Number of protein chains: 2
Amino acid sequence: MTYCCALRLQDGLVFISDTRTNAGVDHISVFRKLYTFGVEGERFIAIQTSGNLATTQAVIGHLKNHLELSQEPNLYSVNTMFEAAELVGHTLKKVLADMAPDTQEQSNYYCSLLVGGQIKGAEMQLYNIYPQGNFICATKDTPYFQIGESKYGKPILDRALRYDMPLDEAVKCSLISFDSTLRSNVSVGLPLDALVYTRDSLHIPVGKRIDEEDPYFSSISKQWSDTLRKGLQELAKPTDDYLV
Amino acid sequence: MTYCCALRLQDGLVFISDTRTNAGVDHISVFRKLYTFGVEGERFIAIQTSGNLATTQAVIGHLKNHLELSQEPNLYSVNTMFEAAELVGHTLKKVLADMAPDTQEQSNYYCSLLVGGQIKGAEMQLYNIYPQGNFICATKDTPYFQIGESKYGKPILDRALRYDMPLDEAVKCSLISFDSTLRSNVSVGLPLDALVYTRDSLHIPVGKRIDEEDPYFSSISKQWSDTLRKGLQELAKPTDDYLV
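Residues numbered from 1 in each chain as written. Chains lettered and ligands numbered in written order. Predicted model: local features only at pLDDT ≥ 70, side-chain atom pairs only at ≥ 80, totals over all residues. Heavy atoms only, no water.

- As recorded in an unreviewed UniProt entry, chain A goes by the name Proteasome-type protease, listed as coming from Acinetobacter johnsonii ANC 3681.

**Observations concerning the side chain of Arg 43 of chain B**
Residues and elements named next belong to chain B.
Moving on, step 1. Checked against the element boundaries, Arg 43 lands in strand 6 (residues 43-51).
Moving on, step 2. Owing to a relative accessible area of 4%, Arg 43 belongs among the buried residues under this scheme.
Moving on, step 3. Among the polar contacts made by the side chain of Arg 43, one reaches the main-chain carbonyl oxygen of Leu 75 at a distance of 2.8 Å. (Helix = DSSP H or I, 4+ residues; strand = E, 2+ residues; numbered from the N terminus. Buried < 20%, exposed > 50% of the residue type's maximum accessible area, 1.4 Å probe, protein only. Polar contact = N/O pair within 3.5 Å; in protein donor to acceptor, adjacent residues only side chain to side chain.)

**Re the pattern of salt bridges**
Residues and elements named next belong to chain A.
Moving on, step 1. Within this structure, the stated rule accounts for 32 salt bridges over all chains.
Moving on, step 2. Close ionic contact of Arg 43 with Glu 42 constitutes a salt bridge, the shortest N to O distance being 2.8 Å.
Moving on, step 3. Under the relative-accessibility criterion, Glu 42 is labelled partly exposed at 26%.
Moving on, step 4. Close ionic contact of Asp 179 with Arg 183 constitutes a salt bridge, the shortest N to O distance being 3.7 Å. Placement of the pair is Asp 179 and Arg 183 together in helix 5 (residues 167-184), with a separation of four residues, close to one helical turn.
Moving on, step 5. Bridged by salt links that share partners, the residues Arg 32, Asp 193 and Arg 209 form one connected network. (Salt bridge = Lys/Arg side-chain N within 4 Å of Asp/Glu carboxyl O.)

**Regarding the pairing of strand 11 (residues 192-198) of chain B**
Residue and element names in this part refer to chain B.
Moving on, step 1. Here strand 11 lies mainly inside the structure; six of its seven residues are buried.
Moving on, step 2. Pairing of strand 11 with strand 12 (residues 208-210) involves three bridges; the strand directions are antiparallel. The residue of strand 12 that forms the bridge with Leu 192 is Ile 210. (Pairing = 2+ DSSP bridges.)

**Things to note about the packing of helix 6 (residues 215-234) of chain A against helix 6 (residues 215-234) of chain B**
Moving on, step 1. Contact pair helix 6 of chain A / helix 6 of chain B: the axes reach a minimum separation of 10 Å and the direction vectors enclose 150°. Considered as vectors, helix 6 of chain A and helix 6 of chain B are oriented roughly antiparallel to each other. The interaxial crossing formed by helix 6 of chain A with helix 6 of chain B has right-handed handedness. Contact residues: Gln 223, Trp 224, Thr 227, Leu 228, Gly 231, Leu 232 and Glu 234 of chain A in helix 6 of chain A; Gln 223, Trp 224, Thr 227, Leu 228, Gly 231, Leu 232 and Glu 234 of chain B in helix 6 of chain B.
Moving on, step 2. Grouping the amino acids of the contact of helix 6 of chain A with helix 6 of chain B by side-chain chemistry returns six nonpolar, six polar and two charged. (Axes fitted to C-alpha atoms, helices over the stretch in contact; angles between N-to-C directions. Parallel < 35°, antiparallel > 145°, perpendicular 65-115°, else oblique. Left-handed = near helix turned anticlockwise from the far one by under 90°. Contact = heavy atoms within 4.5 Å. Nonpolar A, V, L, I, M, F, W, Y, C, P; charged D, E, K, R; others polar.)

Structural data, given as structure tokens:
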């Protein structure tokens, strides 16, 4: 499986992905699921992938191939993030149609993608591309999207995430969402890839790979366990009517 | 959907179930999913249900009918919790066979059950009955089972639950697991039914119905939100390499 999460906040974008893929329990590999595209000072586009690995690699492959051969439309010629999302959605539809003309059969090859970024002169946006190639856009009310094994890490986002939260706070919140998922589901695994984009910077972030020895992630993971245990202890005992 | 959780700990058993059922978003009802059977001082058996409501009601209906008509075997004639789990599993298999002779078709009517309790002279046990009618037993290593929408509430159990935890602490931990689920998934809903059994007491607990106005549940739910928000704030800021 996979867990990817992306936030579109007042101050910028945050993307975090795990890297574990599995085809059965004895075929586990590490594959990057966070891809970046862009021209420094002009555009930044990040794509996260979940689902059938051959499909997601084909989508990314076609997008890169178009750039290499300067075929239109491509991620460096689209004018807005809406056009970028359309391009990714169309590319996905073509890959699926190639695999199986029958739409019923296409569901065997489904994948989901998150596409976020900013192009000079246009709005910073984040899109969730559905397996069928259509998509929705993040808003102030719903500032985050998840794909893959999303349920374990959803409660902390639902409780703590705010649109006007500073980016470094949002990174903490997302990392805790990943930590909860990693502990409860063995199909999501380290290392993680994290990327933070500052609104209107048009700077392509280097990003950070977080492995098991990462001192920051290890320390907040441990501290969070302590917070939860201590927090539980500090809750009042159940009233007597709970125990009879 | 449904969320039910049961713990078998050193000091006793804890059962919590939600009550929401839905067939589509415009057909939402409240149905109890936690049933108790027993003879004070002699045996206590609790059953929690998830899945096809007609199937779970048929299983409970047959178990009660056997008791009313004193037909053997029944929940008051079995000698151990193992035999109780076998009886529930067999009853489920008969209900499914009645619905559909073809095992493939039976999957349309699947349900899961948790069966826990204690019978005088025998061990306190907790069983997870699979949709096919076979079952597994809780152990010290894996002291809890969940059925239904289990993922949202799993991280807190994985982190905080211990076999040797006092029962009142375990109730807090389970209620927080429910609170996380209720906030992230609209198919799980209040009121909740909670039941705590003390090992070797052979006392049939009254149990507690927890609705939206329950002062204890409301207060720990609010306090837990504060704990998480404060805990996140107290985590160190991400190191610079996370943000470039």
